Amino acid sequence: MIKKRFYNPAQLFIFSFLALIVMGTMLLKLPIALNKPISWTDSLFTATSAVCVTGLVVVDTATHFTGWGQVFILLLIQAGGIGILSFAGLFAYFLKGGSSYENQLAIRDFSNTQRLGEVFTLLKRTIAITFGIEAVGAAVIFWTMDGFNGAGTAERIFIAVFHSVSSFCNAGFSTLSNGLMHQQVYYNYGFQLAVASIYIFGGLGFPIVINVLKYIKHLINRLFHKWTTKENYYRPWVMTINSKLNLITTSCITAFATLVLFISEYNHVFADHSGIGKWVVAFATATTPRTAGFNSIDFAQLHFSSILFIMLLMWIGASPNSTGGGIKTSTFALAILNAISLAKGKDRTEIFRREIAGISIQRA
């Protein structure tokens, strides 16, 4: 790896993304990647969008790119979502049988890890959990694709894997023409719900996902001990304050946004759907602006008030240390809590019977 004394973590982060974008641009111009010729500008735009997991496209991924081209886009999304430096740092660690102190300091800085000894443990957990969730997500998506006409097993597997990776990395890319508005997905509520669930999980951020899985493991251990030893196996603060704050904020924003859009577009954009379908489409429409970039409806047909509301959701964005953008749910929550404290005349902000540090409020 490049030594830290020559480049600081911010420069390494930028250079790694630029190098990945340049390499992706060249790969997407190869003859084996294209069904139709595209310009260097379109290739650059597509590679940049994939690496930066934005979901913006200027050509139809399904028709302009071959299977190889779609695989290249998938790899760019995965590298950009996890972070190319995470891959490079972990591979260097295994190939060399260790890592220098300088490299550990650099990786600690861009991975936002507090303890130096946890740098590679966090990287290994991040990559393992990412691949694990994407594998489970792909299996669930594949299970919802029984009604896909004209698609063989291999094609359905690739579609499931591509959408699972794209969802978890919040990339918004799709191998289906018109994305989730594709004729075989438009009324496939299981497919839409699976994709939405995956990108919500990806939008929570790796530290929160790891903490949630740790908490689930703790609950399973509690139940196991209760059934076997009749003891109450309890550990305090397994779920961190940061995780609780972001999970509650995400849940509240999602529920409120789903209800608002359901009422606003009930007899308008959602008119084609009925029953539970309206709720699923409202849920997907409420969650995708904050993180993913998928759309199962035509956003241009929404009421102007709904578009303004969606702009607010995009501004809030996802949780910290995730692949989503925005000001982050924690920032939004702290700003709201601080406003409530000021309205009550309090000189400090508290949550879960704990005081929030003044520096955190200032950052928010």
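Everything numeric here is computed off the predicted structure, so don't read it as measured data.

Cut-offs applied
- Residues numbered from 1 in each chain as written.
- Predicted model: local features only at pLDDT ≥ 70, side-chain atom pairs only at ≥ 80, totals over all residues.
- Heavy atoms only, no water.
- Helix = DSSP H or I, 4+ residues; strand = E, 2+ residues; numbered from the N terminus.
- Contact = heavy atoms within 4.5 Å.
- Areas by Shrake-Rupley, 256 points an atom, 1.4 Å probe, with all protein chains shown as cover.
- Patch = residues over 30% accessible without salt bridge, like charges linked within 9 Å, V, L, I, M, F, W, Y side chains within 5 Å.
- Salt bridge = Lys/Arg side-chain N within 4 Å of Asp/Glu carboxyl O.
- Lys, Arg positive; Asp, Glu negative; His and termini not counted.
- Charge placed at Lys NZ, Arg CZ, Asp CG, Glu CD.
- Phe/Tyr/Trp six-rings, centres within 6.5 Å; stacked < 30°, edge-to-face > 60°.
- Buried < 20%, exposed > 50% of the residue type's maximum accessible area, 1.4 Å probe, protein only.
- Lys NZ or Arg CZ within 6 Å of the ring centre and 35° of its normal.
- Core = buried A, V, L, I, M, F, W, Y, C linked by side-chain atoms within 4.5 Å.
- Expected span 1.5 Å × (residues − 1).
- Axes fitted to C-alpha atoms, helices over the stretch in contact; angles between N-to-C directions.
- Parallel < 35°, antiparallel > 145°, perpendicular 65-115°, else oblique.
- Left-handed = near helix turned anticlockwise from the far one by under 90°.
- Nonpolar A, V, L, I, M, F, W, Y, C, P; charged D, E, K, R; others polar.

## A few points about the overall build of the protein chain
- On a plain count of helices and strands, the protein chain comes out with 15 helices and two strands.
- Within the protein chain, counting contacts between residues at least 6 apart in sequence, those at least 24 apart form 66% of the total.
- Element-wise, carbon and sulfur atoms account for 64% of the exposed surface of the protein chain, whose accessible area totals about 18700 Å².

## As for a positive patch on the surface
- A cluster of basic side chains, namely Arg125, Lys214, Lys217 and Arg235, defines a positive patch on the protein surface.
- Topologically, arginine 125 is positioned in helix H7 (residues 119–143).

## A look at a nonpolar patch on the surface
- A cluster of nonpolar side chains, contributed by Leu259, Ile263, Ile276 and Trp279, occupies part of the molecular surface with about 430 Å² of accessible area.
- Within the residue set of the nonpolar patch, elements represented by two or more residues are helix H11 (241–264) and helix H12 (276–287).
- Structurally, leucine 259 is set in helix H11.

## Points about the packing of aromatic side chains
- One pass over the structure, following the stated rule, counts seven aromatic pairs.
- Taking 6.1 Å as the distance between ring centres and 40 degrees as the angle between the ring planes, the aromatic pair formed by tryptophan 68 and phenylalanine 72 counts as tilted. In this pair, tryptophan 68 and phenylalanine 72 both sit in helix H4 (residues 67–82), four residues apart, roughly one turn of the helix.
- A relative accessible area of 54% means that tryptophan 68 is categorised as exposed.
- For the ring pair phenylalanine 262 and tryptophan 279, a centre distance of 3.8 Å and an interplane angle of 10 degrees mean the geometry is stacked. With phenylalanine 262 in helix H11 and tryptophan 279 in helix H12, this residue pair connects regions lying 17 residues apart in the sequence.
- Chaining the aromatic ring pairs together yields one cluster made of Phe262, Tyr266 and Trp279.
- One Lys or Arg, lysine 29, reaches over the ring of tryptophan 40 and ends 5.1 Å from the middle of that ring.
- The positively charged end of lysine 278 is found above the aromatic ring belonging to tyrosine 266, 4.4 Å away from the centroid.

## Comments concerning the nonpolar core
- Core analysis: the biggest nonpolar cluster contains 30 residues, and Ile141, Met145, Phe148, Phe191, Val195 and Tyr199 have the highest contact counts within it.
- Contributions of two or more residues to this core are made by H7, helix H8 (153–168), helix H9 (189–203) and helix H10 (206–228).
- Top element by residues in this core is H9. It accounts for seven residues.
- If sequence neighbours within four positions are ignored, isoleucine 141 has contacts with Ala160, His163, Ser164, Phe191, Ala194, Val195 and Ile198.
- With 24 residues, the next largest nonpolar core counts Val53, Phe65, Phe72 and Leu76 among its residues.

## Remarks on helix H2 (residues 40–51)
- For H2, which comprises 12 residues, the first-to-last C-alpha distance of 16 Å matches the rise-based estimate of 16 Å (1.5 Å per residue) to within 8%.
- Listed as buried for H2 are Ser43, Thr46, Ala47, Ser49, Ala50 and Val51.
- Downstream of H2 by a residue or two, valine 53 has a phi angle that is positive, lying close to 45 degrees.

## A short note on the environment of glutamine 184
- The topology assignment puts glutamine 184 in the loop between H8 and H9.
- The class of glutamine 184 is partly exposed, set by a relative accessible area of 21%.
- For glutamine 184 and phenylalanine 148, which are 36 residues apart along the polypeptide, the C-alpha to C-alpha distance reads 6.3 Å.

## With respect to the packing of H9 against H12
- Interhelical geometry of H9 versus H12 gives an angle of 30 degrees and a closest axis separation of 10 Å. Looking at the two axes, H9 sits roughly parallel to H12. Seen from above, H9 lies across H12 with left-handed handedness. Packed against H9, whose contacting residues are Tyr189, Gln192, Leu193, Ala196, Tyr199 and Ile200, the element H12 presents Gly277, Val280, Val281, Phe283, Ala284 and Thr287 at the interface.
- When grouped by side-chain class, the residues that make up the contact of H9 with H12 number nine nonpolar, three polar and no charged.

## A closer look at the pattern of salt bridges
- Counted according to the given criterion, the structure contains three salt bridges.
- Salt-bridge contacts for aspartate 146 lead to arginine 156; the nearest nitrogen and oxygen are separated by 3.8 Å. Within this pair, whereas aspartate 146 is found in the loop between H7 and H8, its partner arginine 156 is found in helix H8, the two being separated by 10 residues in sequence.
- Taking the relative accessible area as the measure of exposure, aspartate 146 reaches 62% and is therefore exposed.
- Looking at arginine 156, the relative accessible area reads 15%, which means it is buried.
- Notably, a salt bridge pairs glutamate 355 with arginine 348, separated by 3.4 Å at the nearest N-O pair.
- Relative accessible area serves as the criterion here: at 42%, arginine 348 is assigned to the partly exposed category.
- Linked by salt bridges that have partners in common, Arg348, Glu350 and Glu355 make up one network.

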